[in-house]
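Chain by chain, the residues run as shown.
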Amino acid sequence: MQLPPGVTSKDFSAALEQFANAVGKDWVFSSEADVNLYRDSYTPFWHEEKEPIPSAAVAPDNVEQVQQVVRIASQYKIPLWPISTGKNLGYGGAAPRMSGTVVLDLKRMNRVLEVNEKNHYALVEPGVSYFDLYHYIRERNLKVWIDPPDPGWGSLVGNALERGGGYTPMRDHFDAHCGMEIVMADGEVVRTGMGALPNSQTWQQYKYGFGPYLDGIFSQSNFGIVTKMGFWLYPEPEAYLSGTVSVPLRDDIHKMVEVFAYLANSGIVRGTTSVLKTSSFLQSDRGDTTVGLGGSTKSMEQYAAQKDLGYWSIDLPFYGAANVIAAEWEYAKEKFSVIPGVKFRDGVSYRFPLDPQQLAKIANPVPLGVPSLTTFSIGGPRSQGHIWFSPIIPMTGEAVLQAQDVFEQAYRDMGSPSAAPPGFPIWSFFSRAFVIIYFMPIEHDVEKNRRNREIFRQLIKIAAQHGWGEYRTHTAYMDDIMNAYSFNNHALLRLDETLKDALDPNGILAPGKSGVWPKRMRKANA
Ligand code: ADP
């Protein structure tokens with residue numbers, strides 16, 4: 001059995017027994033078979049000793065039990081890695097950053113505490129998955145939407161804390177939260193925002209409460225364990241429609257993104273979309289093996305024109321009142337019409353609520369607020385898993401071109417084993433900036449993974465040289481990414497460490513999360 005670093009097996013056994021007294025003996029897992037379930041099935045360390053293996057897992061059922069577990073862990077200096085549902089695939093799954101950490105599995109705490117249809121919000125525990133909340137809402141026929149990411153099997157709390165994104169107007173999941181309850185490293189329970197006011201009537205309606213606004217320090221962090229979280233929901237819209245804009249020339253990207261940014265920042269396009277280098281897909285269509293990497297600009301423009309598709313395209317999603325969104329699409333067309341040769345295609349349109357037969361016909365219902373696992377059926381490069389490389393870049397045509405050129409070149413230089421996806425898709429999961437979501441394969445092959453890890457590290461460095469940083473990362477790269485956020489001699493990390501030392505002096509909460517290590521482990525991991 002793995003032991004937490006610096007903890008004797010006698011102490012560990014005593015702690016496990018105390019955990020069992022707190023949560024019930026059926027909810028402490030320490031057999032190899034059980035612990036294996038908490039390993040990361042997409043780990044970049046397959047068959048290597050470096051793979052972080054938990055020592056055990058503990059699953060409390062309520063806040064009081066979380067407090068007890070934290071106090072026991074603190075007494076023995078046993079590190080805990082809190083997870084909500086542990087489905088964070090591609091970013092580390094349920095596994096901790098450091099071997100020997102005990103996973104604090106919160107999925108038993110899966111109560112939907114409130115859904116308010118009139119003010120459009122929910123209050124949930126960490127174990128509530130997008131599917132759970134969706135079914136709760138459907139069973140009661142409430143007129144509110146959730147905003148699932150793809151896939152929807154994870155939790156609202158875990159995804160929002162990781163600052164994940166979805167597709168509807170509530171797509172920035174951390175931004176859409178309102179109010180938290182947190183168990184601190186000493187076992188104290190804190191409520192943020194209006195939740196600090198006893199008998200508060202507005203915990204999920206007004207975010208800030210009074211005094212310093214602290215919610216942000218609990219996201220991508222190891223400062224506390226979130227045991228409740230409020231979310232703003234989207235009132236069920238009357239309708240949805242989508243339209244595609246395509247433009248013929250490579251350099252049209254500048255105007256296309258400028259118009260898109262205007263529409264998005266004005267609140268006219270409110271959902272997630274992606275800028276596609278349609279021409280790269282056409283190359284793949286042609287059976288060209290240098291998908292996304294080759295072809296002169298002229299030949300790609302000509303080929304795109306022959307196929308009557310643009311060099312670039314973008315799908316625009318519109319949510320709201322039917323006549324308003326029809327007018328918004330018309331307005332968008334007017335704005336894009338400054339680009340010579342621009343083409344428009346009407347996409348799908350729906351009126352809500354959809355009946356089950358209509359819904360069943362929709363291949364990917366996620367942008368309509370319906371959780372799904374269809375994303376797993378979308379083919380990517382063949383591999384045994386993947387992790388994501390996800391830098392944030394400016395919402396400009398220059399940045400799109402530069403990022404695609406830079407990363408494609410880096411791929412060529414490093415002789416990456418996997419083809420770059422056509423043109424590195426550029427997404428608008430968050431407002432005001434684009435994010436590139438790039439798939440990096442995981443193999444059950446030590447050598448290939450070693451090489452890919454090097455490539456990944458290079459990509460982080462190359463991104464940083466251009467002023468682009470990742471919005472989130474797999475546990476394996478948290479130190480690398482934090483290291484890139486180095487302004488003023490790593491002032492941000494130093495501030496995080498100051499907070500860490502003050503809030504968690506025994507260093508028991510998620511050591512290494514986001515590159516923040518407790519004092520007693522800092523040197524070893526520097
Ligand atoms: P998912 O919702 O995708 O299942 P996870 O439960 O795997 O997400 O959570 C993702 C990460 O977010 C975890 O690895 C952990 O670092 C952090 N996290 C998740 N839940 C909590 C929580 N309740 N309190 C503090 N951190 C959490």
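Residues numbered from 1 in each chain as written. Predicted model: local features only at pLDDT ≥ 70, side-chain atom pairs only at ≥ 80, totals over all residues. Heavy atoms only, no water.

So what's going on with the site of the ligand? Residues and values would help.
The ligand sits among 21 residues. The nearest are Ser84, Thr85, Lys87, Ser155 and Lys513. Between the ligand and Gly86 there is a distance of 2.9 Å, counted from an oxygen atom to a backbone nitrogen or oxygen. Between an oxygen atom of the ligand and a main-chain N or O atom of Asn88, the distance comes to 3.5 Å. When the free accessible area of the ligand is taken as 550 Å², the share hidden by the protein chains comes to 96%. At the level of secondary structure, the elements contributing two or more residues to the shell around the ligand comprise strand 3 (80-83), helix 5 (156-161) and strand 10 (225-232). Ranked by residue count, the leading element in the shell around the ligand is helix 5, at four residues. When residues of the shell around the ligand are assigned to domains, at least three map to each of domain 1 (9-105) and domain 2 (112-235). (Near = heavy atom within 4 Å. Polar contact = N/O pair within 3.5 Å; in protein donor to acceptor, adjacent residues only side chain to side chain. Areas by Shrake-Rupley, 256 points an atom, 1.4 Å probe, with all protein chains shown as cover. Helix = DSSP H or I, 4+ residues; strand = E, 2+ residues; numbered from the N terminus. Domains from an automatic or database assignment.)

Explain the domain arrangement of the protein residue by residue, including any values.
When the domains of the protein are assigned, the result is domain 1 (9-105), domain 2 (112-235), domain 3 (237-472) and domain 4 (483-525). Relative placement of domain 1 and domain 4: their C-alpha centres are 21 Å apart. Domain 1 puts eleven residues into the contact, and the matching count from domain 4 is ten residues. Summed over both sides, the interface between domain 1 and domain 4 buries roughly 940 Å², with carbon and sulfur atoms accounting for 69% of that surface. Where domain 1 packs against domain 4, one counts four residue pairs in polar contact (both at pLDDT 80 or more). When contributions to the side of domain 1 that touches domain 4 are tallied by element, the ones reaching two or more residues are helix 3 (63-76) and strand 3. Classifying every residue of the side of domain 1 that touches domain 4 gives eight nonpolar, one polar and two charged. (Contact = heavy atoms within 4.5 Å. Buried area = accessible area lost by both parts, 1.4 Å probe. Nonpolar A, V, L, I, M, F, W, Y, C, P; charged D, E, K, R; others polar.)

So, the layout of surface pockets: which residues are in play, and what are the values?
Of the voids in this model, the second largest pocket is the one considered here, and its volume is about 670 Å³. Around the second largest pocket, the lining is made up of 31 residues, and of these Arg163, Gln220, Tyr471, Met482 and Ser514 lie nearest the centre. The leading source of residues in the lining of the second largest pocket is helix 14 (residues 487-503), at four residues. Classifying every residue of the lining of the second largest pocket by side-chain character gives 15 nonpolar, nine polar and seven charged. (1 Å grid on protein atoms, 1.4 Å probe; cavity = no way out; pocket = protein on both sides within 12 Å on 5 of 7 lines; lining within 4 Å. Points joined across faces, edges and corners; volume = space filled by probe spheres on them.)

Tell me what's going on with the side chain of Glu470, and back it up with residues and numbers.
Along the chain, Glu470 falls in strand 21 (residues 469-470). The buried charged residue Glu470 lacks any salt bridge, with Arg457 as its nearest oppositely charged partner at 11 Å. Among residues more than four places away in sequence, those in contact with Glu470 are Phe389, Ser390, Pro391, Ile460, Ala463, Ile481 and Tyr485. (Buried < 20%, exposed > 50% of the residue type's maximum accessible area, 1.4 Å probe, protein only. Lys, Arg positive; Asp, Glu negative; His and termini not counted. Salt bridge = Lys/Arg side-chain N within 4 Å of Asp/Glu carboxyl O.)

Explain the pattern of salt bridges to me, and be specific about the residues and the numbers.
Oppositely charged side chains can pair when the atoms bearing their charge come close. Here the structure, examined in full by the defined rule, presents 29 salt bridges. Across the salt bridge formed by Glu447 and Arg450, the nearest N and O atoms sit 3.1 Å from each other. Remark: Arg450 and Glu447 occur in helix 12 (residues 446-465); sequence separation between them is three residues, near one turn of the helix. Assessed through its relative accessible area of 52%, Glu447 is described here as exposed. Of the charged contacts, one joins Arg522 and Glu497 as a salt bridge, the two residues approaching to 3.6 Å between their closest N and O atoms. Of the two residues, Arg522 is situated in helix 15 (residues 519-525) and Glu497 in helix 14; the sequence distance between them amounts to 25 residues. Residue Arg522 shares its accessibility class with Glu497, and that shared class is buried. Via salt bridges that share partners, Glu48, Glu447, Arg450 and Arg453 belong to a single interconnected network.

I'd love a proper account of the pairing of strand 5 (residues 112-116), names of residues and values included.
Strand direction decides the pairing type here: strand 5 and strand 6 (residues 121-124), joined by four bridges, are antiparallel. Bridge pairing links Val112 to Val124 in strand 6. Here strand 5 hands over to strand 6 after four residues, with His120 in that stretch at a positive phi of 60 degrees. (Pairing = 2+ DSSP bridges.)

I'd like to hear about the environment of Val435, residue by residue, with values.
Take Val435: it is sitting in strand 19 (residues 433-436). Assessed through its relative accessible area of 1%, Val435 is described here as buried. Between the C-alpha atoms of Val435 and Lys77, which are 358 residues apart in sequence, the distance is 38 Å.

Explain helix 6 (residues 253-265) to me, and be specific about the residues and the numbers.
An ideal rise of 1.5 Å per residue puts 18 Å on 13 residues; helix 6 measures up with 18 Å between its terminal C-alpha atoms. Of all the residues in helix 6, the buried ones are Ile253, Met256, Val257, Val259, Phe260, Ala261 and Leu263. On the buried face of helix 6, the contacting elements are strand 12 (239-247), strand 13 (274-276), strand 14 (312-320), helix 9 (322-336), helix 11 (397-414) and strand 19. Phi turns positive one or two residues past the end of helix 6, at Gly267, with a value near 80 degrees. (Expected span 1.5 Å × (residues − 1).)

So what's going on with the nonpolar core? Residues and values would help.
Leu316, Phe336 and Phe407 are the most contacted members of the largest nonpolar core, which has 58 residues in total. Excluding its chain neighbours within four sequence positions, the residues that come into contact with Leu316 are Leu241, Ser242, Gly243, Val245, Phe260, Val269, Trp329, Ala332 and Phe336. In this structure, Val63, Ile78, Leu80 and Ile225 belong to the second largest nonpolar core, which totals 29 residues. (Core = buried A, V, L, I, M, F, W, Y, C linked by side-chain atoms within 4.5 Å.)

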